[in-house]
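Given next are the chains, with one letter for each unit.
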Amino acid sequence: MPKAVGIDLGTTNSVIAVMEGGRPEVIVNAEGARTTPSVVAYKGDERLVGQIARRQAALNPKATLFEVKRFIGRRWDEVKEEAARVPFVVKEGPGGSVRIEVNGQDLAPEQVSAEVLRKLVQDASAKLGEKIRDVVITVPAYFDNSQREATKQAGEIAGLNVLRVINEPTAAALAYGLERKGNETVLVFDLGGGTFDVTILELGDGVFEVKSTSGDTHLGGADFDQRIVAWLAGEFQKEHNFDLRKDPQALQRLIEAAEKAKIELSNASETTISLPFITFDPETRTPLHLERTLTRAKFEELTADLLRRVRQPVEQALADAKLSASQIDEVILVGGSTRIPAVKRIVKDLIGKDPNESVNPDEAVALGAAVQAGIIQGDSNLGDIVLVDVTPLTLGVEVKGGMVAPMIPRNTTVPAKKTEIYTTAENNQPGVEINVLQGERPMAADNKSLGRFKLEGIPPMPAGRPQIEVTFDIDANGILHVTAKEKTSGKEASIRIENTTTLDKSDVERMVREAEQNAEADRKRREKVEKRNNLDSLRVQALAQLDEQAGASEEAKQKLKAAADEAEEAVRSDDDSRIESAQKRLEEELRSFMTAAQQGSQAQASAAGPQAQKQDDDVIDADFKPAD
Ligand code: ADP
Ligand code: MG
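Below or above, wherever it landed, is the structure these notes cover. (Residues numbered from 1 in each chain as written. Chains lettered and ligands numbered in written order. Predicted model: local features only at pLDDT ≥ 70, side-chain atom pairs only at ≥ 80, totals over all residues. Heavy atoms only, no water.)

Brief notes about the overall build of the chain
Thinking step 1. A tally of helices and strands in the chain yields 16 helices and 29 strands.
Thinking step 2. Across the chain, every contact between residues at least 6 apart in sequence was considered, and the portion connecting residues at least 24 apart equals 67%.
Thinking step 3. Accessible area for the chain stands at about 27,100 Å²; split by element, carbon and sulfur atoms hold 47% of it. (Helix = DSSP H or I, 4+ residues; strand = E, 2+ residues; numbered from the N terminus. Contact = heavy atoms within 4.5 Å. Areas by Shrake-Rupley, 256 points an atom, 1.4 Å probe, with all protein chains shown as cover.)

Points about the side chain of N447
Thinking step 1. Position of N447 among the secondary structure elements: in the loop between strand 24 (431-438) and strand 25 (448-456).
Thinking step 2. Take N447: its relative accessible area is 10%, and that puts it in the buried class.
Thinking step 3. At 2.7 Å, the side chain of N447 forms a polar contact with the backbone oxygen of R441. (Buried < 20%, exposed > 50% of the residue type's maximum accessible area, 1.4 Å probe, protein only. Polar contact = N/O pair within 3.5 Å; in protein donor to acceptor, adjacent residues only side chain to side chain.)

So, the packing of aromatic side chains
Thinking step 1. According to the stated counting rule, one finds four aromatic pairs in the structure shown.
Thinking step 2. A centroid spacing of 6.0 Å and a plane angle of 70° characterise the contact between Y142 and F143, whose relative ring orientation is edge-to-face.
Thinking step 3. Its relative accessible area of 13% is what places Y142 among the buried residues. (Phe/Tyr/Trp six-rings, centres within 6.5 Å; stacked < 30°, edge-to-face > 60°.)

Regarding unusual backbone geometry
Thinking step 1. A positive phi angle is found at E67, which is not glycine, with a value near 50°.
Thinking step 2. In this structure, E67 sits in the loop between strand 7 (64-66) and helix 2 (76-85).
Thinking step 3. In this structure E67 comes out as buried when scored by relative accessible area, which is 15%.
Thinking step 4. Although it is not a glycine, K322 sits at a positive phi angle of roughly 55°.
Thinking step 5. As for its position among the elements, K322 is in the loop between helix 10 (311-320) and strand 18 (330-334).

Quick notes on the site of ligand 1
Thinking step 1. In the vicinity of ligand 1 there are 17 residues, among which T12, N13, E259, K262 and S266 approach most closely.
Thinking step 2. G193 places a main-chain nitrogen or oxygen 2.9 Å from an oxygen atom of ligand 1.
Thinking step 3. The side chain of E259 places a nitrogen or oxygen atom 2.4 Å from an oxygen atom of ligand 1.
Thinking step 4. For ligand 1, the protein covers 90% of the area, taking 580 Å² as the surface of the free molecule.
Thinking step 5. Elements that contribute at least two residues to the shell around ligand 1 include exactly helix 6 (221-240) and helix 7 (248-264).
Thinking step 6. Among the elements that line the shell around ligand 1, the one with the most residues is helix 7, at three residues.
Thinking step 7. Residues belonging to the shell around ligand 1 are distributed by class as follows: three nonpolar, eleven polar and three charged. (Near = heavy atom within 4 Å. Nonpolar A, V, L, I, M, F, W, Y, C, P; charged D, E, K, R; others polar.)

Looking at the pattern of salt bridges
Thinking step 1. Under the defined criterion, the tally for this structure stands at 46 salt bridges.
Thinking step 2. For R339, the salt bridge goes to D362, with nearest N and O atoms at 2.7 Å. Pair noted here: R339 is in the loop between strand 18 and helix 11 (341-351) and D362 is in the loop between helix 11 and helix 12 (364-376), with a separation of 23 residues, a long-range link.
Thinking step 3. With its nearest N and O atoms 3.4 Å apart, the salt bridge here joins E568 to R572. (Salt bridge = Lys/Arg side-chain N within 4 Å of Asp/Glu carboxyl O.)

Here we look at the environment of M461
Thinking step 1. Within the fold, M461 resides in the loop between strand 25 and strand 26 (468-474).
Thinking step 2. Non-local contacts of M461, meaning those with residues more than four positions away in its chain, are made with E426, N427, N428, Q429, P466, E486 and T488.

Points about the packing of helix 10 against helix 11
Thinking step 1. The N-to-C vectors of helix 10 and helix 11 enclose an angle of 35°; their axes lie 11 Å apart at closest approach. Along this stretch, helix 10 crosses helix 11, giving a crossing that reads as right-handed. Residue-level contacts link R311, V314, E315 and L318 of helix 10 to I346, D349, L350 and I351 of helix 11.
Thinking step 2. Across the contact of helix 10 with helix 11, the residue classes break down as five nonpolar, no polar and three charged. (Axes fitted to C-alpha atoms, helices over the stretch in contact; angles between N-to-C directions. Left-handed = near helix turned anticlockwise from the far one by under 90°.)

Side note on the packing of helix 3 (residues 109-128) against helix 4 (residues 145-157)
Thinking step 1. The N-to-C vectors of helix 3 and helix 4 enclose an angle of 55°; their axes lie 8 Å apart at closest approach. Considering their axes alone, helix 3 and helix 4 lie oblique with respect to each other. Every pair of crossing elements has a handedness; the one defined by helix 3 and helix 4 is right-handed. Touching E110, Q111, S113, A114, L117 and R118 of helix 3 are A150, Q153, A154, G155 and I157, all from helix 4.
Thinking step 2. Residue classes in the contact of helix 3 with helix 4 are distributed as five nonpolar, four polar and two charged. (Parallel < 35°, antiparallel > 145°, perpendicular 65-115°, else oblique.)

Listed below in structure tokens is the structure:
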């Protein structure tokens, strides 16, 4: 069996690794490098991927695509601001999706990521001497359903069989072998090229539970490079009165030199930046050269504000996990930028512990993904580790009155499957709409709608009779499938939550925070909605009784009908006191109507209540409710 590999599909760089003799190892690419820039460039018919694409970025800004991970699986209205930050054209695609326009052609972010995956796998296949098909791909812990699904699709577009999509911090913890250590609380500090993620994980019995995530979606190594570029260009301008940033050739060289200098300063206390023939003097046309020495101290001065920005997310992650720094058992560093000495210093200072640095920070995620691939393939060296991830937010459906009926609670280990029976709220209701929701708030409108679908063709039946079986099935990748089936007719409808909508990390954080803040107000609103729903279902029951007890006296029918009409108006008015009095009146009228009807037909003693609804049941979307 060909080996399965692990892939860290990074915002800036990607890495591929495989299990060799019981240990994960990085596979070098065709250029001999251990990391491959996640950059794809289009030049005529040619497609360049990796370092070669990156090297011509400043010269070909409209057709060199980088940081495409920011767009994958997201909706246009969520990334408008992000789109304005990149030099290439990002625009709205079909159905509110995101497309990248290159040379008149519209590309989906998945297609671009697929190019990176294809190169990684092709190079690795050549190195291993066998064709790789099975892969495990990592994603940030805060990636939602559609971002995970889109990442998986990128793999499929690249012709791969994606065995599993796992969280980057989980993979990093696996690379450190932390799953063997028993119960531990781990803080994963990941500072990459353009993003900063802090994740607190709790490990125990093979369960990797994400306790909290925080970060900064616009902080990474490239910002540090930019500071050096600005400094070099500023110094040069003072001397020669010429802004190098206006010349794309010169800018490309500056960016490369800045990153190189930054990397050197991780090991040396000073470095020399030398760029001969960087440009020509605009007046004399004589060549100009750039040469500068940069010390680590100067570098830290240029980046002091960036360094300060890593503190807050760490504090936030601790607060969200309700932990103090001293309760963290282990800190692991992930991402190339954690090699910067000042960054390490800050981490140590924040947590009061030396970070664990036994694994290369820019390789840990891919190595862990390879371990996961080995586990799935049953690699005997790995023993019997079982790994589980958990759902970051509660998943549920919208029910009557705009409320949420939770199906799979937050922090449930995946894969998970849950089936509930619902029913209709109206007589002869022909269909129901199922709105799939993600979030912690009790009202549907305050949560994220992941998708909607309709189940139609329900045969005419009184309210409460149909048995609508709704199943939520979330696979090991965190991808959700929802099906609804009406049992008497066998009608079925389903949805696979795809690229329709997403939540980004700040949304997740915000929603969790808001849920806490709004708990009290939500409870009141919920009570109000429940009252209204109870009255409405009682009204529907009353109407059903009017139909069924055709033999009742005209007078009794009139009275019940009048009470039902009042109920209908009260529900519409949304006035609490009116709802309460209408509820009382309708209950009384229904009771006396039933008593009269039963007395009138002793022979049919068992005719009472075919509708097995409890009053406090939820009803989906004004026409749908859980059955008993
Ligand atoms: P991502 O996860 O965002 O794709 P990586 O983890 O590969 O990114 O981090 C890439 C960043 O790490 C780049 O900005 C790169 O310059 C930086 N980096 C790599 N090695 C070093 C080093 N030795 N010192 C400082 N920064 C480094
Ligand atoms: Mg990374």
